[in-house]
Amino acid sequence: MTAIRHTAPLAFQIHDNQLMIGGFSAERLAARVGQTPFYAYDRDLITARIAQLRAALPSAIQLHYAIKANPMPAVVQHLAQLIDGFDVASGGELKTVLDTPMSPLNISFAGPAKNKTELTQAIAAGIVINLESERELRIVTEIGAALCIQPRVAVRVNPNFELKSSGMKMSGGAKQFGIDAERVPFVLTEMRALNLEFVGFHIFSGSQNLRAEAISEAQEQTLALAVRLAQNAPAPLRSLNLGGGFGIPYFPGEQPLDLTAVGERLAELLPAAQRELPDAEFVIELGRFLVGEAGVYLCRVIERKWSRGQLFLVTDGGLHQHLAASGNFGQVIRKNYPVVVANRIHAANESELASVVGPLCTPLDLLADKMPLGHAQEGDLIAVLQSGAYGLSASPTAFLGHPTAIEVLVN
Ligand SMILES: *Cc1c(COP(=O)(O)O)cnc(C)c1O
């Protein structure tokens, strides 16, 4: 068999050919949960990931979690004890983080199209608004005056560079995010006359990057840009959000990010920026890198079906609950996530080629396309790994009206 193997490290243990999740076999966990499909997130793996980051990055770096990656309240509560801040992008996400003990000073609110209600809530909460436009600057100033609160604001900058080889580019060129870098000096000058507390810049250039050199290059450019823009700032910079973009390996042949290399390069770059911006704290905001590998999606085989020589494992799970694994969440070419038969992890010589499909009436509903898998029987459990980020909350759960999956945090 010549299929290219996934090199994604299996974060979860295997015991007696069973995938172990939080000390339970997948089968026993399914019994505990009471239904399939479900998502399980492993608290200890999330904790370990943050320890790994802290060890690799300079100690001055503050870690923020962008909760859109996984907004499950129990996950967010767990992270609140481990990280330094949250980044939210909606009123709904704001509600989730305000239920945690995190200080509002360490919560920021980014995203285009913020409405007046959300902005009012954010200003009343005392969190930092990342201004995406001059319209937002105007509205935030008005709301502050009406509430007799000085809003805390940072300027989200659309830099004139991009994070190279990213899964998703979010800067450089024309973008709906942030204020174009060349326009920022003008906006900063305007802000001097307004009753606002300026805290700094937010410069996010991309996502899902596995190349240390590309991340370091973007960080170098971000620091230089921030130092330059700070010359026009209405107050000394107290916070510089450098973005994130740390990726995780999903597909065959992908290698994990060299975190040590990123950390070492940042340790070289940081002192000069700290001299130029002595009051600033430096923030890296991450989503999938914190939680993506700590999650698994489990569904059950309903039928083993042959069609013209090809084997289909028809399951109760599908793209309505895991859009990303189906290849329809931003991928240009569909590739397989790492998938295993959770109660029959195969030895290489015991595998058969199978496609894992779901219950939806569309050929897009594909969780694995002709992958080598253990010999699954009806009733077996299929596990989609690397599923702790952009899973359930990033899926069209209403599509075709099936029951929804549930989420559990284990350990
Ligand atoms: C989506 C997003 C993130 C998180 O991206 P990941 O790829 O999950 O790390 C961080 N910051 C901003 C501004 C985002 O929009």
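Note that the structure is predicted; figures quoted are calculated from it, not measured. (Residues numbered from 1 in each chain as written. Predicted model: local features only at pLDDT ≥ 70, side-chain atom pairs only at ≥ 80, totals over all residues. Heavy atoms only, no water.)

1. Focus on the overall build of the protein
Here comes step 1: Of regular secondary structure, the protein possesses 11 helices and 22 strands.
Here comes step 2: A compact globule built from 411 residues would reach a C-alpha radius of gyration of about 22 Å, and the protein, at 23 Å, matches this within 12%.
Here comes step 3: Seen through its C-alpha atoms, the protein measures out along the principal axes to roughly 70 × 45 × 35 Å.
Here comes step 4: Within the protein, the proportion of its 411 residues that are buried is 56%.
Here comes step 5: Roughly 16,900 Å² of accessible area belongs to the protein as shown, and the carbon and sulfur atoms make up 53% of that amount.
Here comes step 6: Each charge sign in the protein was given a centre, from 33 positive and 39 negative side chains, and these centres are 3 Å apart. (Helix = DSSP H or I, 4+ residues; strand = E, 2+ residues; numbered from the N terminus. Rg over C-alpha atoms; globule rule 2.2 N^0.38 Å. Buried < 20%, exposed > 50% of the residue type's maximum accessible area, 1.4 Å probe, protein only. Areas by Shrake-Rupley, 256 points an atom, 1.4 Å probe, with all protein chains shown as cover. Lys, Arg positive; Asp, Glu negative; His and termini not counted. Charge placed at Lys NZ, Arg CZ, Asp CG, Glu CD.)

2. Brief notes about the nonpolar core
Here comes step 1: In terms of nonpolar packing, the biggest core is built from 108 residues, with Y65, L79, F86, F201, L240 and F246 touching the most fellow members.
Here comes step 2: Examining the composition of this core, we find that 10 residues originate from one element, helix α8 (residues 212-230), more than from any other.
Here comes step 3: Split by domain, the residues of this core number at least three in each of domain 1 (2-41 + 294-410) and domain 2 (103-286).
Here comes step 4: Not counting the four nearest positions on each side in its chain, F86 is found in contact with H64, Y65, I67, V76, L79, A80, V97, T100, M102, N106, I107 and S108.
Here comes step 5: Judged by nonpolar contacts, the second largest core, of 20 residues, contains A26, A30, L385 and V408. (Core = buried A, V, L, I, M, F, W, Y, C linked by side-chain atoms within 4.5 Å. Domains from an automatic or database assignment. Contact = heavy atoms within 4.5 Å.)

3. A few points about helix α4 (residues 91-98)
Here comes step 1: Taken as a whole, α4 has its buried residues at G91, E93, L94, T96 and V97.
Here comes step 2: Looking at the packing, one finds that the buried side of α4 touches α3 (73-80), β6 (85-88), β7 (107-109) and α5 (116-125).
Here comes step 3: With a side-chain oxygen lying 3.3 Å from the backbone nitrogen of G92, the N-terminal cap of α4 falls on S90. (Polar contact = N/O pair within 3.5 Å; in protein donor to acceptor, adjacent residues only side chain to side chain.)

4. Notes on the sheet that holds strand β3 (residues 24-25)
Hydrogen bonds between backbone atoms are what pair the strands of a sheet, whose relative direction is either parallel or antiparallel.
Here comes step 1: If you trace the 3 strands from one edge of the open sheet to the other, you get β1-β2-β3, paired in antiparallel fashion. Both outer strands of the open sheet, β1 (13-15) and β3, are each paired with one neighbouring strand and no more. (Pairing = 2+ DSSP bridges.)

5. A few points about the domain arrangement of the protein
Here comes step 1: Taken as a whole, the protein is organised into domain 1 (2-41 + 294-410) and domain 2 (103-286).
Here comes step 2: For domain 1 versus domain 2, the separation of C-alpha centres amounts to 36 Å.

6. A short note on the site of the ligand
Here comes step 1: Taken together, 13 residues surround the ligand, and among them K68, S207, E285, R288 and Y390 come closest.
Here comes step 2: At a separation of 2.8 Å, an oxygen atom of the ligand approaches a polar side-chain atom of K68.
Here comes step 3: In this structure, G287 approaches the ligand through a main-chain N or O atom, which is 2.9 Å from an oxygen atom.
Here comes step 4: Taken by itself the ligand offers 390 Å² of open surface, and the protein chains cover 92% of this.
Here comes step 5: Grouping the constituent residues of the shell around the ligand by class yields 5 nonpolar, 4 polar and 4 charged. (Near = heavy atom within 4 Å. Nonpolar A, V, L, I, M, F, W, Y, C, P; charged D, E, K, R; others polar.)

7. Looking at the packing of helix α2 (residues 43-56) against α3
Here comes step 1: Two numbers describe how α2 lies on α3: the axes approach to 11 Å, and their chain directions differ by 40°. Of the two possible hands of crossing, α2 and α3 adopt the one that is right-handed. Together, R43, I46, T47 and I50 of α2 and V75, H78 and L79 of α3 make up the contact between the two elements.
Here comes step 2: Here the contact of α2 with α3 is built from residues that sort into 4 nonpolar, 2 polar and 1 charged. (Axes fitted to C-alpha atoms, helices over the stretch in contact; angles between N-to-C directions. Left-handed = near helix turned anticlockwise from the far one by under 90°.)

8. Remarks on the packing of aromatic side chains
Here comes step 1: Applying the stated criterion across every chain, the model contains 9 aromatic pairs.
Here comes step 2: Taken together, a centroid distance of 5.6 Å and an interplanar angle of 85° make the contact between F246 and F289 edge-to-face. Of this pair, F246 sits in the loop between β14 (239-241) and α9 (259-276) while F289 sits in helix α10 (residues 288-291), and the two are 43 residues apart along the sequence. As far as burial versus exposure is concerned, F246 and F289 are alike and both buried.
Here comes step 3: Centre to centre, the rings of F251 and Y337 are 5.8 Å apart; their planes meet at 70°, and the pair counts as edge-to-face. Note that F251 is positioned in the loop between β14 and α9 and Y337 in the loop between α11 (323-326) and β18 (339-341), a separation of 86 residues in sequence. (Phe/Tyr/Trp six-rings, centres within 6.5 Å; stacked < 30°, edge-to-face > 60°.)

9. A few points about the environment of P151
Here comes step 1: When you line up the elements, P151 lands in the loop between α6 (134-147) and β9 (152-158).
Here comes step 2: Residue class for P151 comes out buried when judged on its relative accessible area of 1%.
Here comes step 3: Remark: the alpha-carbon pair of P151 and A122, spanning 29 residues in sequence, is separated by 8.9 Å.
Here comes step 4: When residues no more than four places from it in sequence are discounted, the contact partners of P151 are I123, V140, G144, N195, L196 and E197.

10. Focus: the pairing of strand β16 (residues 295-307)
Here comes step 1: Where strand β4 (residues 38-42) and β16 come together, 4 bridges link them in antiparallel fashion. In the strand pairing of β16, F38 is matched with L298.
Here comes step 2: The sheet contact formed by β16 and strand β21 (residues 381-384) spans 4 bridges and is antiparallel. Pairing of C299 across the sheet is with I382, part of β21.

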